[in-house]
Every structure is written in C-alpha cells, then in structure tokens.
Amino acid sequence: MTRVFSGIQPSGEMHLGNYLGAVRQWVIDQHEYDSIFCAVDLHAITTQQDPDDLRSKTLDTVAGLIAAGLDPEQCILLVQSHVHEHTDLAWLLECTVSFGELSRMTQFKDKSARQSGDFVSAGLFTYPALMAADILLYDTDRVPVGEDQRQHLELARDVATRFNSRYGDTFVVPEAAIPKTAARVMDLQAPHNKMSKSVDSVAGTVLVFEEPSAIAKKFKRAVTDSDTEVRFDPDEKPGVSNLLSILAACVGREPADVADEYTRYGDLKVATAEAVLAVLEPIQTRRTELLADPAELARLIEIGASKAEELAVKVMDRARNAMGFLPRG
Ligand code: AQP
C-alpha cells in the first residue's frame, strides 16, 4: 500500500496556510493510504525556542491535528523527537548531501536573513537533511506538502537516489503531492509573502484556532489593490487572488470560477471570511475538548511513537548496513 508521510513544526500556532496547503489533505490521505504524520519538534529548534513554550506548542499541535480530523486509529501520529532514528538517519544523510545543495535552498536564505542578531544555527542550514531522513525513514511514497516544500522534497529525492546508487537499493524515492488550490496561501497584509508561523505578521496570518470575530476582521482588512476588478491573476493582483484561492479551496471550486461571482472587493472579503469560518469552527470546538483531557492526549502520543518506532528501526538498520557500519555483537 502507498505510504504517506508529512510533518508540521510546532514552532507556532497552526495557520490557515498549514491547514489548506497540507493538513486538510492529510485528513483525506489517512483513509486512502498507510499514513504517518508528525509534529516535527526537532525542526522547530532550528530557530531558538523557549523550552516551556516548545512543550506546550507541541502538545497544542498534536491536539490541533486531531481536531482537524487526524484519527490516531487510522494513521500514525507521532512527535518527531520520540523516535531517535530521525536524528540517527539525518546524520547519515548529512554526509550524503553536499554543502552546495544545501546552500541553494531558498528557505534557508529567507529564514537566515530574517534571524535577529547574527546567530544562524547550523541546524537551520542542515534542516533539509533531517527532513529527508523523516521521509526516507518510513519508506514513504507520497509526501503531501504545500508549495514551499517543493525544493526540499526534490532534495530528499536526490539524496535517496544518490544513496541508492552509492550503497545499493535502500530507500524508496518519494513523490511530492501538492494541492491544486491554496498550495501557497499568502499573508493577508503582504500578499507577496507566504503565510508563515515564523514571520511576525499578526494581521496577515489567520490562525486556525483564533476567535471567529478576529478572523473576520483580518479578512475585512486584507490588502487588495487600487483597481476594482475581481479577477484571478496572482502576478498582477496578488491580494485579490489570494482571497479567491482561499475561498475556492474552502468551497471546493476553482479560483477563476469563484471570481465571476463578485464585482466588489468588500463582498469577496465577507464571503471568504464566512467560508473559512464554516471550515474552521468545527475544528475549533473539537480542539477545546481534546485539550481538556491531557492524559488521553499523552496516551495517543505514546501509541504513535511505538508504532512509528517499529517501522523506523527496520529502515535505519537497512541504511546502516548498506553504508558499512559494523553490527553490534
Ligand atoms: N502559506 C502556506 N500555504 C500553503 N501551505 C503551507 N505550509 C506552510 N505554509 C503554507 C505547509 O504546511 C506544512 C507545515 O509547514 P511548516 O510547519 O513548516 O509551516 P510554516 O508555517 O511554514 O512554518 P515556518 O516556521 O514559518 O516555516 P518556514 O518559514 O520555514 O516555511 C508544510 O506542508 C508546508 O508546506
């Protein structure tokens, strides 16, 4: 059966881009494929995290994923740091990827430029090797991600192919699965930038678990342009096109078709906010219930770690043997 793997960083609160670009597809995939989803806390520490904050955000992220529809009976849902094979394999892959390849990653260039002060962690630079390890560790065929992860996915494929040709067939070479609509949800205040946890743009970022009235207000204030025509044209009209993409993704239609129904920006903003809230409100209710029972959440997290570990150990052994490490007596 096709194996699916994907992850989300608990470096901040889940936003609409995470949900429409990735998590929503995961909820569908768990019913069709053998699926593994992960709160990638080891990725989160590539930028500095407060320890208490990281703990609570990791728990929040898992609760958020279950509230969004992931069923721990139907998929494996784990916290990355609970399965140490992720970091074990990452080192082997760091030695299989080149400095030049990592230097070309646009996310590293963007994120390192945004770091305050001079400190840029080495982990931020080598992060794509850890991401490749996450994926390759589970013999993954399909990786549902937003458009921003395409380059990292290509790198994971290159690393797998290189490893297989140097050391013999070891890893499955994965494919990206990127949604047709809302693959790159943009910041409502800066529609040339993607909506992101790590960018400080409160008014431009719609959080999945934010108060409905605050969400409606953010859409009302979304940046459009000085023109008045509602048309899907991401290059010329990024703000309006972003609203159309979000609306289309929420109602299951194409952005260009949805555009035909609006002549005024104000109406488009109201309709988009309503469509988003219709999708988010049931998720918000479920999450409140889940967070009220931390013991149950801890139990589900432990089950996910055990199931994932069982799979990871086998692939890790295969990779170690292929590379020539001496087995323990
Ligand atoms: N704006 C987005 N539109 C569509 N998909 C998105 N994803 C992220 N942003 C968008 C997808 O969500 C999944 C989890 O990604 P992440 O945890 O890396 O999310 P982030 O919000 O992008 O977090 P950061 O810290 O701000 O990360 P950077 O700036 O490093 O990307 C992924 O499948 C991602 O594609």
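Predicted, not measured: the structure shown is a model, and the values here were computed from it. (Residues numbered from 1 in each chain as written. Predicted model: local features only at pLDDT ≥ 70, side-chain atom pairs only at ≥ 80, totals over all residues. Heavy atoms only, no water.)

Concerning the overall build of the chain
Next, step 1: Of the regular secondary structure elements, the chain holds 13 helices and 5 strands.
Next, step 2: Expected size for 329 residues packed as a compact globule is a radius of gyration near 20 Å; at 20 Å, the chain falls within 12% of this value.
Next, step 3: By principal-axis analysis of the C-alpha atoms, the chain measures approximately 70 × 45 × 45 Å.
Next, step 4: Across the chain, the fraction of contacts at a sequence separation of at least 24, relative to all contacts at a separation of at least 6, is 77%.
Next, step 5: Accessible area for the chain stands at about 15,400 Å²; split by element, carbon and sulfur atoms hold 50% of it.
Next, step 6: Side-chain charges in the chain split into 34 positive and 50 negative, and the spacing between the mean points of these groups amounts to 2 Å. (Helix = DSSP H or I, 4+ residues; strand = E, 2+ residues; numbered from the N terminus. Rg over C-alpha atoms; globule rule 2.2 N^0.38 Å. Contact = heavy atoms within 4.5 Å. Areas by Shrake-Rupley, 256 points an atom, 1.4 Å probe, with all protein chains shown as cover. Lys, Arg positive; Asp, Glu negative; His and termini not counted. Charge placed at Lys NZ, Arg CZ, Asp CG, Glu CD.)

Overview of the environment of Thr-140
Next, step 1: Relative to the assigned elements, Thr-140 resides in the loop between α7 (122-136) and β4 (142-144).
Next, step 2: Thr-140 sits in the buried class, given a relative accessible area of 1%.
Next, step 3: For the pair Thr-140 and Phe-5, spaced 135 residues apart in sequence, the C-alpha to C-alpha distance is 6.0 Å.
Next, step 4: Not counting residues up to four positions away in its chain, the partners in contact with Thr-140 are Arg-3, Val-4, Phe-5, Ile-135, Val-172, Val-173 and Pro-174.
Next, step 5: One polar contact links the side chain of Thr-140 to the main-chain carbonyl oxygen of Ile-135, over a distance of 2.7 Å. (Buried < 20%, exposed > 50% of the residue type's maximum accessible area, 1.4 Å probe, protein only. Polar contact = N/O pair within 3.5 Å; in protein donor to acceptor, adjacent residues only side chain to side chain.)

So, the site of the ligand
Next, step 1: Close contacts around the ligand come from 25 residues, with His-15, Asp-148, Lys-194, Ser-196 and Lys-197 the closest.
Next, step 2: Measuring from a nitrogen atom of the ligand, one finds a backbone N or O atom of Gly-17 at 3.1 Å.
Next, step 3: When the free accessible area of the ligand is taken as 660 Å², the share hidden by the protein chains comes to 98%.
Next, step 4: Those elements that place two or more of their residues in the shell around the ligand are β1 (3-8), α1 (16-32) and α6 (106-114).
Next, step 5: Grouping the amino acids of the shell around the ligand by side-chain chemistry returns 7 nonpolar, 12 polar and 6 charged. (Near = heavy atom within 4 Å. Nonpolar A, V, L, I, M, F, W, Y, C, P; charged D, E, K, R; others polar.)

Things to note about the nonpolar core
Next, step 1: Counting 57 residues, the largest nonpolar core has Leu-16, Leu-20, Phe-219 and Ile-246 as the members making the most contacts within it.
Next, step 2: At 10 residues, helix α12 (residues 265-291) tops the list of elements feeding residues into this core.
Next, step 3: Here this core spans two domains, and each of domain 1 (3-178 + 293-323) and domain 2 (202-288) adds at least three residues to it.
Next, step 4: If we ignore the near neighbours within four places in the chain, the residues touching Ile-246 are Leu-16, Leu-20, Val-185, Leu-188, Phe-219, Thr-272 and Val-276.
Next, step 5: Of all hydrophobic cores here, the second largest spans 41 residues; its members include Ala-129, Val-143, Ala-308 and Ala-319. (Core = buried A, V, L, I, M, F, W, Y, C linked by side-chain atoms within 4.5 Å. Domains from an automatic or database assignment.)

Notes on the domain arrangement of the chain
Next, step 1: Per the domain assignment, the segments making up the chain are domain 1 (3-178 + 293-323) and domain 2 (202-288).
Next, step 2: The centre of domain 1, based on its C-alpha atoms, is set 29 Å off from the matching centre of domain 2.
Next, step 3: Listed per partner, the contact involves 14 residues of domain 1 and 15 residues of domain 2.
Next, step 4: Summed over both sides, the interface between domain 1 and domain 2 buries roughly 1,200 Å², with carbon and sulfur atoms accounting for 69% of that surface.
Next, step 5: A per-residue breakdown of the area domain 1 buries against domain 2 is headed by Glu-13, Leu-16 and Ala-67, which together make up 42% of the total.
Next, step 6: Linking domain 1 to domain 2 there are 1 salt bridge.
Next, step 7: A salt bridge links Arg-287 to Asp-60; its shortest N-O distance comes to 3.2 Å. (Buried area = accessible area lost by both parts, 1.4 Å probe. Salt bridge = Lys/Arg side-chain N within 4 Å of Asp/Glu carboxyl O.)

Points about α6
Next, step 1: Those residues of α6 lying buried are Gln-107, Phe-108, Lys-111 and Ser-112. Across the axial projection of α6, the buried residues extend over an arc of 115°, all falling on one side.
Next, step 2: If you follow the buried residues of α6, they end up packed against α7 and α8 (150-167). (Arc of directions from axis to C-beta.)

Some remarks on the packing of helix α4 (residues 85-94) against α7
Next, step 1: Direction vectors running N to C along α4 and α7 enclose 120°, while the axes themselves pass 8 Å from each other. Taken together, the axes of α4 and α7 lie oblique to each other. Between α4 and α7 the crossing geometry is right-handed. Residues His-86, Thr-87, Leu-89, Ala-90, Leu-93 and Glu-94 of α4 touch α7, and the partners they reach there are Thr-126, Ala-129, Leu-130, Ala-132, Ala-133, Asp-134 and Leu-136.
Next, step 2: Looking at side-chain class alone, the contact of α4 with α7 contains 8 nonpolar, 3 polar and 2 charged residues. (Axes fitted to C-alpha atoms, helices over the stretch in contact; angles between N-to-C directions. Parallel < 35°, antiparallel > 145°, perpendicular 65-115°, else oblique. Left-handed = near helix turned anticlockwise from the far one by under 90°.)

Examining the pattern of salt bridges
Next, step 1: Tallied over the entire structure, the rule returns 21 salt bridges.
Next, step 2: With a closest N to O distance of 3.6 Å, Arg-320 and Asp-88 form a salt bridge. Placement of Arg-320 in helix α13 (residues 294-323) and of Asp-88 in helix α4 is noted, with a sequence separation of 232 residues between them.
Next, step 3: Note that Glu-229 is salt-bridged to Arg-231, the shortest N-O span being 3.1 Å.
Next, step 4: Given a relative accessible area of 30%, Arg-231 falls into the partly exposed group.
Next, step 5: Each of Asp-88, Asp-317 and Arg-320 takes part in one network of salt bridges that share partners.

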